[in-house]
Amino acid sequence: MDYIKASAEVCNCFDEICQVLLEMETEINCLFTCNPDDIDVCVERIDKYKEITDEIFTEIDDICSEDESGELRKATLPLSDRKDIIDELADVFEKRQEINAIACRIQNTIPMVQTRLKKSMEKTLEEIKKNNTSQSAQASRYYSAVNE
């Protein structure tokens, strides 16, 4: 197999994935500060980014399937160790490490976003309960009962 050509192709794919993941990271960070009405838009964008990365990873799998030795696939795996990678594929390994770093940041951010969204939901539910038991809600029930 021509590792130089395959390595360049995979590295290009990894560069695309890095860009998409950086955009996804920005969108996930936006969930910290966006209005509750904008959450759906952010989530839709995040889902679209995931679809894009899935397509690119499929492309990488297709490239790796041409390597009967399995060396290229090994270099693309997230848990590979550098000492197990042949020198011709060191750049693939390094690009994969860049993706791992971004993915790790995203994974560390998600629980914090989930906590923020949960608190926002609880606050909204509390406001709804408060409004339903307020004087205006009771007056509305009385008004509708009288008019019937």
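What you are looking at is a predicted structure, and each value in this text was computed from that prediction instead of being measured.

**Q** Give me helix α2 (residues 39–65): which residues, what numbers.
**A** Along its 27 residues, α2 runs 39 Å from first to last C-alpha, staying within 8% of the 39 Å computed at 1.5 Å per residue. Along α2, the residues classified as buried are I39, C42, I46, Y49, T53, I56, I60, I63 and C64. For α2, the secondary structure elements touched by its buried residues are α1 (3–30), α3 (71–76) and α4 (90–132).

**Q** Which residues make up the side chain of E25, and what values go with them?
**A** Looking at the secondary structure, you find E25 in helix α1. Once you skip the residues sitting within four places of it in the chain, E25 turns out to touch I102, R105 and I106.

**Q** Tell me about the pattern of salt bridges, and name the residues and values.
**A** Throughout the structure, instances matching the rule amount to eleven salt bridges. Residues K95 and D15 are paired through a salt bridge, measuring 2.7 Å at the closest nitrogen-oxygen approach. With a gap of 80 residues between them, K95 in helix α4 and D15 in helix α1 connect regions that are remote in the sequence. Judged by its relative accessible area of 22%, K95 is partly exposed. Overall, the relative accessible area of 30% leaves D15 in the partly exposed class. Two residues, D61 and R73, come together in a salt bridge whose shortest N-O distance is 3.2 Å. Residue D61 is located in helix α2, and its partner R73 is located in helix α3; the two are separated by twelve residues in the primary sequence.

**Q** Just give me the short version of the environment of V43, but keep the residues and values in it.
**A** Within the secondary structure layout, V43 lies in helix α2. Along the chain, V43 and E27 lie 16 residues apart, while their C-alpha atoms are 8.2 Å from each other.

**Q** Please set out the nonpolar core residue by residue, giving values where relevant.
**A** Core analysis: the largest hydrophobic core is formed by 32 residues, its most contacted members being I60, L72 and V92. Within the residue set of this core, elements represented by two or more residues are α1, α2, α3 and α4. In terms of residue count, the dominant contributor to this core is α1 (twelve residues). Setting aside anything within four residues of it in sequence, one finds L72 in contact with M1, A6, V10, I63, C64, D67, L89 and V92.

**Q** Residue-level account of the state of the cysteines, with values.
**A** On inspection of all chains with the given rule, the structure shows zero disulfides. Free of any disulfide, C64 has its nearest cysteine sulfur in C13, 9.3 Å distant. C64 sits in the buried class, given a relative accessible area of 2%.

The rules behind these values
- Residues numbered from 1 in each chain as written.
- Predicted model: local features only at pLDDT ≥ 70, side-chain atom pairs only at ≥ 80, totals over all residues.
- Heavy atoms only, no water.
- Helix = DSSP H or I, 4+ residues; strand = E, 2+ residues; numbered from the N terminus.
- Expected span 1.5 Å × (residues − 1).
- Buried < 20%, exposed > 50% of the residue type's maximum accessible area, 1.4 Å probe, protein only.
- Contact = heavy atoms within 4.5 Å.
- Salt bridge = Lys/Arg side-chain N within 4 Å of Asp/Glu carboxyl O.
- Core = buried A, V, L, I, M, F, W, Y, C linked by side-chain atoms within 4.5 Å.
- Disulfide = S-S within 2.5 Å.

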